[in-house]
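Observations on chain architecture
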Amino acid sequence: MENSSNKRIFAFIGSYAEAEEDGVYVCLFHPEHGELTVTDRIQSLKNPTFLDVDPEKRILYVLSEGQTGGRSGVAAAFSIDPEKGKLTGLNRERTVDSPICHIQLDKSRRCLFTASYHGGLVGVNAVLEDGRIGPSAQVIAHTGSSILPAQTQARAHSVFVDPDNRFAVVCDLGMDKIVSYRIDPEGPSLTEAASVELPPGSGPRHFAFHPKLAMGYSINELSSTITVFRYDRTSGVLTPVQTVSTLPGDFTGESATADIHISGDGRFLYGSNRGHDSIAVFAVSLADGTLTPVEYIPTQGGHPRNFALSLDDRLLLAANRDGNNIVVFNRDGETGRLSANGRSLTLPKPVCIKFADLS
């Protein structure tokens, strides 16, 4: 089982699954063409949809649902054997008293942040020296609502850490608000620093920081839009400068967005549409960070809930939850355009893809 580039690059995949079903998959990734070879499958986690990786300690962190005393959020840690592509369980810890939908390490990999859509909660757990997850250290409860049926309460949907590891931004779909929290460098805790409100009915879901500019981008689930922000790295303040649709002008059906990523050179941004079932491609101005549409390409499967760019940015892999497949696209570095290269992997209800070089 050798990778022709002599690298051990893995794709870790989370999915919707019952605890008695395979839910987390480890795949050896061949970066030349995007082929995925499954090396391990893990059961015992209910709906392990999102995950994150510490490539240095070779540990995978996965969210799940707990059942003790009602539904709750749980995070699980697994050590990764890079030679065999196998996982070994380390520990599990409760995060918040509601199911969680997103999990994110800070840049120092000493804190683990989680978000609960159902509870409007943000959880903070310490990461111990050996990579195991510590007990819950903080739970932040959002309160608020907005105008649409899905927005009758706060719904924290994701936590993303800025490049300086100074702030964590939380997209709250129910409040139509993005909250910037200052990360305590001495301990596992967050303090609210700033917030920005989006137009009613936007439903911010995921966020991406520009790799070169002081800019940020939210993909808004309910309005199928992306909002561009100036980002103050010292205060955490986000200032809106542009909002664009993720859908072509002639589309008249129902659709909602899901995920957002930016190429490493900062020139192109990608967002997924569920309903239109496509990846929207935008050129990014390196002068002011604003977006210009490039194309909308079908993902060859229903409900592309999540996708990922390969570590070298040559490929994009789209996880089609309702298509039960992960489809590989070649990416043109000059134009940003995508083209399906004919490779795919069939898996039940895939949601999240994370790459790691474990060479």
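Calculation rules
Counting of residues starts from 1 at the beginning of each chain's written sequence and follows it residue by residue. Under the rules for a predicted model, residues below a pLDDT of 70 receive no local features and side-chain atom pairs below 80 are neither given nor counted, while totals for whole chains, interfaces and linings still include all residues. Side-chain numbers come from the whole structure's heavy atoms, not from hydrogens or water. Only DSSP runs of H or I reaching four residues or more are called helices, and only runs of E reaching two or more are called strands; each is numbered from the N terminus. C-alpha atoms define the radius of gyration in this analysis, and the globule rule sets the expected value at 2.2 Å times the number of residues to the power 0.38. Partly exposed residues are those whose accessible area sits between 20% and 50% of the maximum for their type, while under 20% is buried and over 50% is exposed, using a 1.4 Å probe and protein chains only. Two residues qualify as a contact provided that any one of their heavy atoms is within 4.5 Å of a heavy atom in the partner residue. With residues, only the protein chains shown are counted as cover, and all accessible areas are computed by Shrake-Rupley using a 1.4 Å probe. For this count, His and the chain ends are skipped, Lys and Arg are scored as positive, and Asp and Glu as negative. Here the site of a charge means NZ on Lys, CZ on Arg, CG on Asp, or CD on Glu. Put simply, buried Ala, Val, Leu, Ile, Met, Phe, Trp, Tyr and Cys residues joined by side-chain atoms within 4.5 Å make one nonpolar core. The term salt bridge refers to a side-chain nitrogen of Lys or Arg lying within 4 Å of a carboxyl oxygen of Asp or Glu. One requirement defines pairing of two strands: DSSP has to find at least two bridges between them. Planes of paired rings set the category: under 30 degrees apart is stacked, over 60 is edge-to-face and the rest tilted, where pairs are Phe, Tyr or Trp rings (Trp by its six-membered ring) whose centres lie within 6.5 Å. Lines are fitted to the C-alpha atoms to define the axes, a helix being fitted only along its stretch in contact, and any angle between axes, read from their N-to-C directions, falls within 0 to 180 degrees. Cysteine sulfur atoms that pair up within 2.5 Å are treated as a disulfide.

A separate point is the overall build of the protein. Across its full length, the protein holds zero helices and 28 strands. Computed over its C-alpha atoms, the radius of gyration of the protein comes to 19 Å, within 12% of the 21 Å expected for a compact globule of 359 residues. Principal-axis analysis of the C-alpha atoms places the extent of the protein at approximately 45 × 45 × 35 Å. Going through the 359 residues of the protein one by one, you find that 58% of them count as buried. Look at the contacts in the protein between residues 6 or more apart in sequence, and 49% of them connect residues 24 or more apart. Accessible surface, the protein: about 13,600 Å² in total, of which carbon and sulfur atoms supply 47%. Of the side-chain charges in the protein, 33 are positive and 42 negative, and the distance between the mean point of each set is 1 Å.

Before going further, it helps to examine the nonpolar core. Phe12, Val24, Leu60, Tyr61, Phe78, Leu87 and Leu112 are the most contacted members of the largest nonpolar core, which has 33 residues in total. Contributing elements (two or more residues each) for this core: β1 (9-15), β2 (24-30), β4 (51-54), β5 (59-66), β6 (72-81), β8 (102-105), β10 (121-127) and β28 (350-357). Not counting chain neighbours up to four residues away, the residues in contact with Leu112 comprise Tyr61, Ala75, Ile103, Gln104, Leu105, Gly123, Val124, Asn125, Val127 and Ile133. Counting 17 residues, the second largest nonpolar core, distinct from the first, contains Ile9, Ile13, Phe29 and Ala308.

Here we take up the pattern of salt bridges. Counted under the stated rule, the structure contains 13 salt bridges. Across the pair Asp97 and Arg94 runs a salt bridge whose closest N-O atoms are separated by 2.9 Å. Exposure remark for Arg94: the relative accessible area of 33% places this residue in the partly exposed category. Here Asp130 makes a salt bridge to Arg132, at a shortest N to O gap of 2.7 Å. What emerges from the salt-bridge pattern is a single network uniting Asp54, Glu56 and Arg109.

Take Val24: it is sitting in strand β2. Non-local contacts of Val24, meaning those with residues more than four positions away in its chain, are made with Ile13, Asp40, Arg41, Ile42, Leu45, Pro48, Leu51, Leu60, Val62 and Leu87.

Of all six residues in strand β9 (residues 111-116), six are buried, a share of seventy percent or more. Neither face of β9 is open: one carries Cys111, Phe113 and Ala115, the other Leu112, Thr114 and Ser116, and all of them are buried. Sheet analysis places β8 next to β9, joined by four bridges and oriented antiparallel. Following the sheet pairing, Gln104 is matched in β9 by Phe113. Here β8 hands over to β9 after five residues, with Arg109 in that stretch at a positive phi of 60 degrees. By the bridge criterion, six bridges tie β9 to β10 in an arrangement that is antiparallel. The residue of β10 that forms the bridge with Phe113 is Val124. Connecting the antiparallel pair β9 and β10 is a turn made up of four residues, with Gly120 showing a positive phi of about 65 degrees.

This brings us to the packing of aromatic side chains. Taken as a whole and assessed by the stated rule, the structure comprises five aromatic pairs. On the basis of an interplanar angle of 55 degrees and a centroid distance of 4.7 Å, the ring pair of Phe29 and Phe355 is categorised as tilted. Taken as a pair, Phe29 in strand β2 and Phe355 in strand β28 lie far apart in primary sequence, 326 residues in all. Per residue, the accessibility class of Phe29 equals that of Phe355, and both read buried. Geometrically, the ring pair formed by Phe207 and Phe209 is edge-to-face, given 4.9 Å between the ring centres and 65 degrees between the ring planes.

Our focus in this paragraph is the sheet that holds β8. What the four strands build is an open sheet, ordered β8-β9-β10-β11; its pairing is antiparallel. At either end of the open sheet lies a strand with only one pairing partner, and these are β8 and β11 (133-141). Direction aside, neighbouring strands of the sheet carry axes that sit 20 degrees apart on average.

Our next topic: the side chain of Ser218. Assignment of secondary structure puts Ser218 in strand β17 (residues 215-220). Setting aside its immediate chain neighbours within four residues, Ser218 contacts Ile178, Leu198, His206, Phe207, Thr225, Ile226, Thr227, Phe229 and Ile260.

Below, the discussion takes up the state of the cysteines. Enumeration over the complete set of coordinates arrives at zero disulfides. With no disulfide of its own, Cys111 lies closest to Cys101 among cysteine sulfurs, the gap being 19 Å. Looking at Cys111, the relative accessible area reads 4%, which means it is buried. Here Cys171 stays free of any disulfide, with the sulfur of Cys101 as its closest cysteine sulfur at 10 Å. On the basis of relative accessible area, Cys171 is assigned to the buried category, the value being 0%.

Function cannot be read off these values alone, since they describe shape.
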